[in-house]
Amino acid sequence: YNQYFFRKFEEITMNKLAIVLLAALCAVAAADHWAVLVAGSNGYSNYRHQADICHAYHVLINTGMPADHIILFSYDDVASSWENPFPNTLYNKPGDDAVEYNKGCVKDYTGRDVTPDNFIAVLTGDASTVSGVGSGKVLKSTENDKVFINFVDHGAAGLIGFPSEYLYADDLNKALTTMHDKKMYGQLTFYLEACESGSMFDNTLPDNINIYATTAANGSESSWGTYCPPDDKVKGKSLNTCLGDLYSVNWMEDSDSHNLKKESLGTQYDNVKKLTTKSHVQEFGTKTFKAEPVADFQGNDDAPAAEAEEKKAVNSFSDLVDRFMEEYPEWAARIPTPSKSVDSRDIKLMYLLNKLINDMSDAVNQERVMEEVSHRKKMDEVFASFSTQTNITNSPNSQPDQFTCYKAATTAFRSQCFNGGMVSEYGLKFMHYLHSGCKAGLTPAQMEQVFASLC
């Protein structure tokens, strides 16, 4: 009888253990992988942003992430631009054997649907807001899942750009907190490419909600473009613009050339930080899961193993500037200092200079260069006068925190100096003045009055 009892007890115990193990395996299997990818700009001079994001899409697909779990925002006007020498294509690196990334890059939200509101709706699973908009896809991730977010565009103190509006740091971090509260992820990584991108998370992103973020720059400096003219040639043709952003190209080429099941998030961060020499790559948030393999966030399979290639920042802007100053010496003082890489604030000017140098007789190109250089001079003068009239100096290391005032002041600046439109890439470098004004007690109405007199 005792032997029979113990045999039955053993059977029951083993059955229960099997059930527990099966449940554990099911729980692991239930963990899924999701991604949201955003190129926030438009226009051919911003070629690099849409090329970056389609490259990112293919990194994820090649590492095993299901296509229906990737949600991509892109204005999608660059591949089809008349200026593109290879119609309907996007390249993120020069060379005769360069990979084309537009093919198979599935866009969910394009054109006017690329907005902060739609992005926030997608992140927070708000299907009603995007009902009838684009693909209508939103994150359907759960508390067991791994989520990857990649955003590429222009930025300034406490904001990042979309084609016709801005997303501010307080609203982005509120959305991320909402995702946490709604149990929409187990762990989340966020790669952010923009000027002053560190200001989106510094002293703002909590370190206890399982979000790990890295940024292309700290909160007071530009990010940088790469593969710019004359190093922009694909199959012998120049694309006349930068093909990628330095931080973005560095993380994606790292992913392309490593086994992502074996490379950790922390190792990738260290590699990218070392390669991105013109800005200070930063990390924020929860750092306790940096040992997790990159594949947990950028897919769910091994990336093809390949020998990592050493990249260097482009050395192109210097040659363009020298040639331009020979033709237009009177504008020499307005040209930014040459460097081995191209500051994102200067890429539009570089793009226009390159077009002019390719055809010095084109009156339209001449006019566009003069307009850009004049605009840069005007912005310098506006903020020099703003500083004099208000006793406000630029405080680039001041982390934005007074967002109600800052948003209203930004609207006032846009209204008076840009006819309500978006601030120029060069103009964004002065946004710290607005926040400094808020911190000093100036009201948006007072700042608007000053800008009305200056613009």
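For the structure itself, look to the data block above.
Our subject in this report is the structure included herewith. (Residues numbered from 1 in each chain as written. Predicted model: local features only at pLDDT ≥ 70, side-chain atom pairs only at ≥ 80, totals over all residues. Heavy atoms only, no water.)

1. Points about the overall build of the protein chain
To keep things clear, this is the line we draw: Starting at the N terminus, helices and strands are each numbered in turn, a helix being any DSSP run of H or I of at least four residues and a strand any DSSP run of E of at least two. Remark: exposure states derive from per-residue accessible area (1.4 Å probe, protein chains only) relative to the maximum for the residue type, with buried under 20%, exposed over 50%, and partly exposed in between. Note on areas: Shrake-Rupley, 1.4 Å probe, and residue coverage restricted to the protein chains presented here.
Along the backbone of the protein chain there are 13 helices and 14 strands. The proportion of buried residues among the 455 residues of the protein chain is 55%. Carbon and sulfur atoms make up 50% of the accessible area of the protein chain, which amounts to about 19,300 Å² in all.

2. Observations regarding the pattern of salt bridges
Counted only if it meets this: Salt bridges are identified by distance alone: a Lys or Arg side-chain nitrogen within 4 Å of an Asp or Glu carboxyl oxygen.
With the rule as written, the count across this model stands at 14 salt bridges. With a shortest N-O distance of 3.2 Å, K146 and D296 are connected by a salt bridge. Residue K146 is found in strand 3 (residues 146-152), and its partner D296 is found in helix 7 (residues 295-298); the two are separated by 150 residues along the sequence. Judged by relative accessible area, K146 falls into the buried class, the value being 15%.

3. Side note on the sheet that holds strand 14 (residues 342-343)
For clarity, the cut-off: Two strands are said to pair when DSSP picks up at least two bridges between them.
In spatial order, the strands read 12-9-14; together these 3 strands make up an open sheet with antiparallel pairing. Strand pairing shows two members of the sheet lacking a second neighbour, strand 12 (244-245) and strand 14, which therefore form its edges.

4. Focus: the sheet that holds strand 8 (residues 211-215)
Think of a sheet as strands paired side by side through backbone hydrogen bonds, with each pair either parallel or antiparallel. What counts is decided by this rule: To define axes, lines are fitted to C-alpha atoms, for helices over the stretch in contact only, and angles between the resulting N-to-C directions are given on a 0 to 180 degree scale. We call two residues in contact whenever any of their non-hydrogen atoms come within 4.5 Å of each other.
Reading across from one edge, 2-1-3-7-8-13 is the order of the 6 strands in this open sheet, with mixed pairing throughout. Since the sheet does not close on itself, it has two edges, and those belong to strand 2 (70-73) and strand 13 (282-285), each with one partner. When the angles between neighbouring strand axes are averaged without regard to direction, this sheet yields 10°. As defined by bridge partners, strand 7 (residues 187-193) adjoins strand 8 across 5 bridges and the pair is classed as parallel. Along strand 8, the bridge assignment pairs L192 with T215. Against the sheet, helix 5 (residues 246-256) touches strand 3, strand 7 and strand 8, its axis set at about 135° to strand 7.

5. Notes on the nonpolar core
Formally: Grouping buried Ala, Val, Leu, Ile, Met, Phe, Trp, Tyr and Cys residues that are joined through side-chain atoms within 4.5 Å yields what is termed a nonpolar core.
Ranked by size, the top nonpolar core spans 68 residues in total, and within it F119, F190, F201, F383 and F413 carry the most contacts. Of the residues forming this core, the biggest block, 6 residues, is contributed by helix 11 (residues 403-417). Apart from residues no more than four positions distant in its own chain, F119 is found in contact with V36, V38, F73, I149, F162, L167 and L172.

6. Points about the side chain of H33
Spelled out, the test is: Nitrogen and oxygen atoms within 3.5 Å of one another constitute a polar contact, given that in protein one can donate a hydrogen and the other can accept it, and given that sequence-neighbouring residues count only through two side-chain atoms.
Relative to the helices and strands, H33 is located in strand 1 (residues 33-39). Polar contacts involving the side chain of H33 include one to the main-chain carbonyl oxygen of D296, which spans 3.3 Å.

7. Describing the packing of aromatic side chains
Applied cut-off: Classification of ring pairs uses Phe, Tyr and Trp, with its six-membered ring standing for Trp, and accepts pairs whose centres are within 6.5 Å; under 30 degrees between planes counts as stacked, over 60 as edge-to-face, and the remaining range as tilted.
By the definition in use, this model includes 29 aromatic pairs. Here the aromatic rings of F151 and F162 are separated by 5.4 Å at their centres, their planes lie at 55°, and the arrangement is tilted. Taken as a pair, F151 in strand 3 and F162 in the loop between strand 5 (159-161) and strand 6 (166-168) lie far apart in primary sequence, 11 residues in all. Measuring from centroid to centroid gives 5.8 Å for Y426 and F430, while their planes differ by 75°, and the two rings are edge-to-face. Residue classification places F430 among the buried positions, given a relative accessible area of 8%. One aromatic cluster in this structure is built from F383, F386, F413, F418, Y426, F430, Y433 and F451.

8. With respect to helix 6 (residues 265-275)
Threshold: Here the arc refers to the set of directions running from the helix axis out to each C-beta atom.
Turning to helix 6, its buried residues are L265, G266, Q268, Y269 and V272. Down the axis of helix 6, the buried set is contained in an arc of 160°. They therefore lie on one face. In the core, the buried residues of helix 6 are packed alongside strand 7, strand 8, helix 5, strand 13 and helix 7.

9. Structural notes on unusual backbone geometry
Residue P230 is bonded to the preceding P229 through a cis peptide linkage, with omega at 10°. With respect to the helices and strands, the residue P230 is situated in the loop between strand 9 (224-226) and strand 10 (233-234). Residue N240 is not a glycine yet carries a positive backbone phi of 60°. Relative to the helices and strands, N240 resides in the loop between strand 11 (237-238) and strand 12. Phi at N419 takes a positive value of approximately 50°, unusual for a residue other than glycine. Inspection of the secondary structure puts N419 in the loop between helix 11 and helix 12 (431-439). Judged by its relative accessible area of 77%, N419 is exposed.

10. Quick look at the state of the cysteines
This is how the line gets drawn: Our working definition of a disulfide is a cysteine sulfur pair at a distance within 2.5 Å.
Enumeration according to the criterion identifies 4 disulfides in this entry. A sulfur-sulfur separation of 2.1 Å characterises the disulfide bridge that pairs C405 with C438. Sign of the S-S torsion, about -85° for the bond between C405 and C438, identifies this disulfide as left-handed. Residue C405 is found in helix 11, and its partner C438 is found in helix 12; the two are separated by 33 residues along the sequence. Of the two residues, C405 and C438, neither departs from the other in class, the shared state being buried. Listing the disulfide partners of the protein chain by sequence rank of the bonded cysteines yields 1-2, 3-4, 5-7, 6-8.

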